[in-house]
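# What the coordinates show
These are the residues of each chain, in order.
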Amino acid sequence: MRIALAQVVSTPDPAHNLGLIEDGARRAAAAGARVVVFPEAAMCCFGVPLGPVAEPLDGPWAGRVRAIADAAGVTVVAGMFTPADDGRVHNTLLATGGGVEAAYDKIHLFDAFGFAESRTVAPGSKPVSIVVDEVTVGLATCYDLRFPGLFQELAGNGATVVLVPASWGAGPGKREQWDLLVRARALDSTAFVVACDQADPTTVGRDAGSAPTGIGASLAVGPLGVVLDQLGAEPGLLLVDLAMDEVEQARRAVPVLANRRF
């Protein structure tokens with residue numbers, strides 16, 4: 001399976017960001033990718049009020065992403081914001097195209113490092129997987145990386161790949177934590193983990209601000225924790241080919257899913 005990671009810098013303008021998604025989807029499809037992953041908050045960057053930009057899954061923004069995915073002939077996974085019942089929003093991954101239609105609301109909210117995502121974002125409650133070309137693909141978002149139970153739950157339900165759109169916060173040690181956590185979650189689940197971060201906004205002349213707006217370094221990791229390929233801090237498109245038989249081999253060699261007790 002060929003997957004593309006479209007590392008972009010989202011702006012506060014959802015209409016502008018649709019152009020980034022269209023460009024990334026077209027380039028990914030032209031390169032033979034079956035799935036193209038965009039970051040968390042691809043609809044609108046963090047650091048601005050999210051309520052005014054949130055739309056339901058049947059709204060115009062998601063509808064345009066569906067049209068882009070269908071035109072390109074790929075499955076698109078991209079972060080957006082949808083209204084929650086309590087006046088907050090959900091931090092949602094939309095997965096659409098190629099016969100796929102699903103959404104995942106981020107379960108673990110980023111109430112850490114002085115940021116309180118839960119103040120404006122309501123948590124999801126259910127793990128979500130999709131199926132692409134008969135491969136079960138789990139969905140997770142950013143701070144979810146710090147919770148191995150979610151990744152083992154997804155793998156236990158059949159996922160051999162987990163996609164992780166992110167908008168990783170900058171700061172001392174955060175790049176090291178990003179690399180470590182993505183690799184650790186691959187080992188926990190003996191699955192491929194493909195993590196697509198927002199590019200570092202300073203690489204395109206924008207202020208990073210105090211919100212988690214990305215550091216780049218999107219990467220794909222194999223089921224035994226080996227980094228397959230990784231981008232730098234700036235925007236870019238990374239193509240990775242996943243040999244799915246490596247998951248079966250890893251699970252025979254290190255049967256952590258079969259041996260776990262909790």
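In short, a report on the structure. (Residues numbered from 1 in each chain as written. Predicted model: local features only at pLDDT ≥ 70, side-chain atom pairs only at ≥ 80, totals over all residues. Heavy atoms only, no water.)

### Quick notes on the pairing of strand 10 (residues 135–139)
Counting buried positions along strand 10 yields four of five residues, so the element is predominantly enclosed. Of the strand pairs in this sheet, strand 9 (residues 128–132) and strand 10 are connected by five bridges, and their pairing is antiparallel. Residue pairing in the sheet places Val132 in a bridge with Val135 of strand 10. The turn linking strand 9 back onto strand 10 is made up of two residues, and Asp133 within it adopts a positive phi angle of 50°. (Buried < 20%, exposed > 50% of the residue type's maximum accessible area, 1.4 Å probe, protein only. Helix = DSSP H or I, 4+ residues; strand = E, 2+ residues; numbered from the N terminus. Pairing = 2+ DSSP bridges.)

### Details of the packing of helix 1 (residues 14–30) against helix 2 (residues 60–72)
Between helix 1 and helix 2, the shortest axis-to-axis distance is 9 Å and the interhelical angle comes to 15°. With respect to their mutual orientation, helix 1 and helix 2 come out roughly parallel. Crossing of helix 1 over helix 2 shows right-handed handedness. Side by side, helix 1 and helix 2 meet where Pro14, Leu18, Ile21, Glu22, Ala25 and Ala29 of the first sit next to Trp61, Arg64, Val65, Ile68 and Ala72 of the second. (Axes fitted to C-alpha atoms, helices over the stretch in contact; angles between N-to-C directions. Parallel < 35°, antiparallel > 145°, perpendicular 65-115°, else oblique. Left-handed = near helix turned anticlockwise from the far one by under 90°. Contact = heavy atoms within 4.5 Å.)

### Some remarks on the sheet that holds strand 13 (residues 219–221)
Pairing is mixed in the open sheet, where six strands are placed in the order 9-10-11-12-13-14. Pairing within the sheet leaves two strands with one partner each, and these edge strands are strand 9 and strand 14 (227–230). Strand-to-strand, the axes of this sheet are offset by a mean angle of 20°, without reference to chain direction. Note: strand 11 (residues 161–166) against strand 12 (residues 192–197), six bridges, orientation parallel. Paired with Val162 across the strands is Val193, a residue of strand 12. Strands strand 9, strand 10, strand 11 and strand 12 of the sheet are contacted by helix 3 (residues 148–156), whose axis makes an angle of about 140° with strand 11.

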